[in-house]
Amino acid sequence: KNGRLLSRTYIGSTPDPYRRIRQHNGILKNGGAWKTKRGRPWEMEIIAHGFPSKLTALQFEWAWQNPERSRHLALVVDEEGEDVKKARFKKHPLAYTMKNKILVLQSMLCSPPWDRFSLEVTIFGEDSLAAW
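Computed from a prediction, not measured in an experiment: that's the story for all the values here. (Residues numbered from 1 in each chain as written. Predicted model: local features only at pLDDT ≥ 70, side-chain atom pairs only at ≥ 80, totals over all residues. Heavy atoms only, no water.)

Enquirer: Go over the nonpolar core with me, naming the residues and quoting the values.
Expert: Soluble, globular proteins show a tendency: their nonpolar side chains are buried together. Ranked by internal contacts, the top residues of the largest apolar core, which has 15 residues, are Phe60, Trp64, Leu105, Met108 and Trp114. At the level of elements, strand E1 (46–49), helix H2 (54–65) and helix H3 (98–109) are the ones that each hand at least two residues to this core. Ranked by the residues each element gives to this core, the list is headed by H3, at six residues. In this view, Leu105 contacts Ile46, Ala48, Phe60, Trp64, Val121 and Trp132; residues no more than four positions away in its chain are not counted. (Core = buried A, V, L, I, M, F, W, Y, C linked by side-chain atoms within 4.5 Å. Buried < 20%, exposed > 50% of the residue type's maximum accessible area, 1.4 Å probe, protein only. Helix = DSSP H or I, 4+ residues; strand = E, 2+ residues; numbered from the N terminus. Contact = heavy atoms within 4.5 Å.)

Enquirer: Pulling in residues and values, what's your account of the pattern of salt bridges?
Expert: Side-chain pairs of opposite charge can arise whenever the charged atoms involved come near each other. Applying the stated criterion across every chain yields a total of one salt bridge. A salt bridge links Asp16 to Arg19; its shortest N-O distance comes to 4.0 Å. (Salt bridge = Lys/Arg side-chain N within 4 Å of Asp/Glu carboxyl O.)

Enquirer: Could you give an account of the layout of surface pockets, naming the residues involved and the relevant values?
Expert: The volume enclosed by the largest pocket comes to roughly 810 Å³. Contributing to the lining of the largest pocket are 31 residues, with Ile11, Gly12, Ser13, Thr14 and Ile46 lying nearest its centre. Among the elements of the structure, helix H1 (17–24), E1, H2 and H3 are those that each provide at least two residues to the lining of the largest pocket. Examining the composition of the lining of the largest pocket, we find that six residues originate from one element, H2, more than from any other. Each residue belonging to the lining of the largest pocket can be placed in one class, and the counts come to 17 nonpolar, seven polar and seven charged. (1 Å grid on protein atoms, 1.4 Å probe; cavity = no way out; pocket = protein on both sides within 12 Å on 5 of 7 lines; lining within 4 Å. Points joined across faces, edges and corners; volume = space filled by probe spheres on them. Nonpolar A, V, L, I, M, F, W, Y, C, P; charged D, E, K, R; others polar.)

Remember that the coordinates give geometry; whether it matters functionally is a separate question.
Given below as structure tokens:
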């Protein structure tokens, strides 16, 4: 999340989160994403890890960035696993908040194909932990 503009979030995939956050913050000159140049400084809030391959991690990243377009989030099962409901994530101003990104992440972790993997989540920020 952006340290100054708390509503700004960025989702990315990397094998080295420590290096990547330093790139986004301009500490390392090579490799920072152009989308994050304006929002510095950035803080790491959550890491989802344990993907079986780079391709799987990139597919997860895309689905998390685009939940309204992901076929994997078209159906969501309730807590008991019985009632299947159509649940499209629509783009609106609240879609970019940390709380909404966490709700999407929680839905993804419980939805195929992601629920078949032993994915883990590490939460760094207190606000993110409270929203979890």
